Amino acid sequence: MQKRALVKVLGLTFGAALMTACASNSDIAEGEELQPLDAAVEETAAEVETQGIEAQAVAGEQVDAAANEAQAALMKATVFYFDFDNITIKADSKNALIAHSQYLAANSSARVVLEGHADERGTVEYNLALGERRGLSVSRFLQANGAAASQIETVSFGEERPALMGHNDDSWSQNRRVEIKYQSR
Amino acid sequence: MKLVFKIVLLSLLALQARAELVIEITQGNQRAIPMAVVPFKWKGLEALPENVAQIVANDLGRSGYFNSLSKTEMLSLPNTEEEVFYRDWELLRQDYLVIGEIESDARGGFIINFKLIDVNTRTVLMNQKLTGGASALRDIAHFMSDRIFAALTGVPGAFSTKLVYVTTNRDRTQFNLSYADADGAREQNIFTSKQPIISPAWSNDGKKIAYASFENGRSEIFIQEIASGKREKIASFKGSNSAPAFSPDGTKMAMVLSRNGNPDVYVMDLATRKLDRITTHYGIDTEPQWMPDGKSLIFTSSRIGKPQIYQVSLIHRKPKRITFEGDYNARARITPDGRKMVMVHRNGGDFHIATQNMKTGILQILTTDTQLDESPSVAPNGSMVVYAASMGDRSILAAVSLDGEVKFRLPSKYGDVREPAWSPLLK
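Residues numbered from 1 in each chain as written. Chains lettered and ligands numbered in written order. Predicted model: local features only at pLDDT ≥ 70, side-chain atom pairs only at ≥ 80, totals over all residues. Heavy atoms only, no water.

The next point concerns the nonpolar core. All names here are of chain B. Counting 26 residues, the largest nonpolar core has Phe40, Val52, Leu60, Met144 and Ile148 as its most contacted members. Elements that contribute at least two residues to this core include exactly β3 (33–37), α2 (52–62), β6 (96–104), β7 (110–118), β8 (123–132) and α4 (137–153). Look past the residues within four positions of Phe40 in its chain and what remains in contact with it is Val52, Ala53, Asn79, Val98, Ile99, Gly100, Glu101, Ile102, Ile112 and Met144. Counting residues in hydrophobic clusters, the runner-up holds 22 residues, among them Ile353, Leu366, Tyr387 and Ala389. (Core = buried A, V, L, I, M, F, W, Y, C linked by side-chain atoms within 4.5 Å. Buried < 20%, exposed > 50% of the residue type's maximum accessible area, 1.4 Å probe, protein only. Helix = DSSP H or I, 4+ residues; strand = E, 2+ residues; numbered from the N terminus. Contact = heavy atoms within 4.5 Å.)

Dropping the structure here:
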């Protein structure tokens, strides 16, 4: 469902970009029609047409750029949070994780390490295992969305490397996490 | 009624200026037997490096079995049987008296003669001569405490034992595996790293420590010889390698590996390095511990969704759940007699240390005044549990007796102290 949602978003962006491209084309076509039919004008027309083609090419690039931009924006999220003693990926993490998956799928030489972490509550070894399973949970999600197993490595630091040092809910919620770290892009 | 008193043992502090940990007794046992350890007579000229009688008094007082009389309350300071006025000690309602003398021997070592006296029957229960090298005064003192404790309680003393634990600075850029006396004195770092160190575990002969170190970017298991400092990498399979536990006979090691994806319990034959996979569940299986007979393991599993303790026979291989009270039971340790299990327990609220009777299943929560209690480790005589807890914004070591009556803390002067492991009885 989440995947479809993203495809829809990207689709819409793509469509909008295409529409923009079409619109500029028709603008040009209209302008063309308004030009008087003489040599200079023809020249202009040819120039305009050339520009039009260029404009189309530029528009084409815009399409990719928009999709890339959307992906890049989603990929800015590299830390994904979890509930206490839980390895379920949260709904609001999924679009970003799909963007990472698609990037990995499109860039076969890209490699990531998934660092799993837990908050300090509970035991050291249970938390190490919990961090491991959070990493595996994200790994499976990335693979289900196109990344290859060979691109992903998971490592758990359990409760040993907290993001925040506080002993309260705010810190704990920031410490229960998986961090995606790119080793190569 | 529990007698609650807070004493910072200033004299102890003075004695162990180099030590990081300072004991604070936070709860004593009202049923503790009153006894007096009289300052020993020193026949030499130069000041002794250690106050032997004070170390013995502290040891016995901290055990919870005894209440040591402070020197300032003593009416007389006898060193020999002839100098004992029994009426003084009867007046002070003391049941036992320890007196002694220290002299140096020809090689620069020490000879201590001490007597344990029953005040009520006016009889000498113990009359012993202990000897040791120049640097061994503290060892002699702990050994004397062990002898007295065993004579009066029938339980071997654990005062000559050691602790290993992990210390870190606030920024977690420096991790030390520290080694100290059971009272926190004489601390030394036996391994240091910029990466985390977790789960130190003793071999049953007390000569080696196994632990997981992240020095190569992920957890791997190492065994380190205490005397030589020699280290050997035991497990560095793909994924995490952690939670080492030596078998009672020392030939095998239980451990947790995630080489197949999910963390599972394995047993490695230390001679052949052959692995035997014990659990195969898709949940978390971790924190294996050997039962004293070496025939089964107890471990933590999340197979029902929340962590609970399970026992698995190494023959039948069918894990059986053994904890049912609470929504979080983990990191179980077994008392040396195999009768009780000590673990991290939570029932909706805070994390505390609890014991569970292995036969009846009856659970008792031992700690109430510390937060985020974890990493319990049982003294080799089954008298106390040392554990890590949160105090203010720090992680400290604390200890509680198996009956929950006696509590003390070992706060560090800096940074966090975590993951204590109490040594076996050392010969």
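Residues and elements named next belong to chain B. Per the domain assignment, the segments of chain B are domain 1 (30–153) and domain 2 (162–422). Using C-alpha coordinates to define each centre, domain 1 is positioned 35 Å away from domain 2. Across the contact, 11 residues belong to domain 1 and 11 residues belong to domain 2. With both chains or domains summed, domain 1 and domain 2 bury close to 790 Å², and 49% of this area falls on carbon and sulfur atoms. Applying the counting rule to domain 1 against domain 2 returns 2 salt bridges. Salt-bridge contacts for Arg186 lead to Asp139; the nearest nitrogen and oxygen are separated by 2.6 Å. Where domain 1 packs against domain 2, one counts 3 residue pairs in polar contact (both at pLDDT 80 or more). A per-element tally of the side of domain 1 that touches domain 2 places α4 first, with 4 residues. (Domains from an automatic or database assignment. Buried area = accessible area lost by both parts, 1.4 Å probe. Salt bridge = Lys/Arg side-chain N within 4 Å of Asp/Glu carboxyl O. Polar contact = N/O pair within 3.5 Å; in protein donor to acceptor, adjacent residues only side chain to side chain.)

Residues and elements named next belong to chain A. Helix length check: helix α4 (residues 124–144), at 21 residues, gives a terminal C-alpha distance of 30 Å against a target of 30 Å (1.5 Å per residue), a fit within 8%. Counting buried residues along α4, 18 of its 21 residues qualify, which places the element largely inside the surrounding structure. Phi turns positive, to about 115 degrees, at Gly146, one or two residues after α4. (Expected span 1.5 Å × (residues − 1).)

Further remarks concern the packing of aromatic side chains. The tally for this structure, following the rule as stated, stands at 14 aromatic pairs over all chains. Look at Tyr126 of chain A and Tyr328 of chain B: their rings are 5.6 Å apart centre to centre, the planes differ by 70 degrees, and that puts the pair in the edge-to-face class. Taken as a pair, Tyr126 of chain A in helix α4 and Tyr328 of chain B in strand β24 (residues 328–334) lie in two separate chains rather than in one. Tyr126 of chain A sits in the buried class, given a relative accessible area of 1%. Pairing Tyr211 of chain B with Phe222 of chain B gives two aromatic rings, centres 6.3 Å apart and planes at 20 degrees, and the pair type is stacked. (Phe/Tyr/Trp six-rings, centres within 6.5 Å; stacked < 30°, edge-to-face > 60°.)

This part covers the layout of surface pockets. Considered as a void within the structure, the largest pocket measures approximately 830 Å³ in volume. Trp202, Asn204, Gln289, Ile334 and Trp422 of chain B are the residues nearest the centre of the largest pocket, which is lined by 37 residues in total. Counting only elements with at least two residues in the lining of the largest pocket, the list comes to α4 of chain A together with β12 (197–202), β16 (241–246), β20 (285–290), β24, β28 (371–378) and β32 (416–422) of chain B. A breakdown of the residues in the lining of the largest pocket according to their chemical character gives 23 nonpolar, 8 polar and 6 charged. (1 Å grid on protein atoms, 1.4 Å probe; cavity = no way out; pocket = protein on both sides within 12 Å on 5 of 7 lines; lining within 4 Å. Points joined across faces, edges and corners; volume = space filled by probe spheres on them. Nonpolar A, V, L, I, M, F, W, Y, C, P; charged D, E, K, R; others polar.)

Once that is clear, we can look at the sheet that holds β16 of chain B. Across a sheet, paired strands are connected by hydrogen bonds in the backbone, their directions being either parallel or antiparallel. Residue and element names in this part refer to chain B. What the 4 strands build is an open sheet, ordered β16-β17-β18-β19; its pairing is antiparallel. Edge positions in the sheet fall to β16 and β19 (275–277), since each of these pairs with one other strand and no more. Between one strand axis and the next, the sheet turns through 30 degrees on average, direction left out of account. One ladder, built from 3 bridges, connects strand β18 (residues 264–269) with β19; its direction is antiparallel. Residue pairing across strands places Tyr266 opposite Arg277, the latter belonging to β19. (Pairing = 2+ DSSP bridges. Axes fitted to C-alpha atoms, helices over the stretch in contact; angles between N-to-C directions.)

Our next topic: empty space enclosed by the protein. In the structure shown here, the tally under the stated rule is 3 cavities of 30 Å³ or more. Contributions of two or more residues to the lining of the largest cavity are made by α5 (169–175) of chain A together with β28, β29 (384–391), β30 (394–401) and β32 of chain B. Top element by residues in the lining of the largest cavity is β29 of chain B. It accounts for 3 residues. By residue class, the composition of the lining of the largest cavity is 8 nonpolar, 5 polar and 10 charged.

To continue, consider the UniProt feature "domain: OmpA-like" (unreviewed entry) in chain A. This chain's UniProt record puts "domain: OmpA-like" (unreviewed entry) on residues 69–185 of chain A. With 41% helix and 21% strand, residues 69–185 of chain A has its two end C-alpha atoms placed 16 Å apart. (UniProt positions renumbered as here; feature names shortened; annotations may be inferred.)

Residues and elements named next belong to chain B. Under the counting rule described, the total for this entry stands at 30 salt bridges over all chains. Residues Asp416 and Arg170 are paired through a salt bridge, measuring 3.2 Å at the closest nitrogen-oxygen approach. On the criterion of sequence distance, the pair formed by Asp416 in strand β32 and Arg170 in the loop between β9 (162–168) and β10 (175–181) is long-range, its members being 246 residues apart. The partly exposed category is assigned to Arg170, whose relative accessible area is 30%. We note a salt bridge from Glu220 to Arg218, for which the minimum N-O separation is 3.8 Å.

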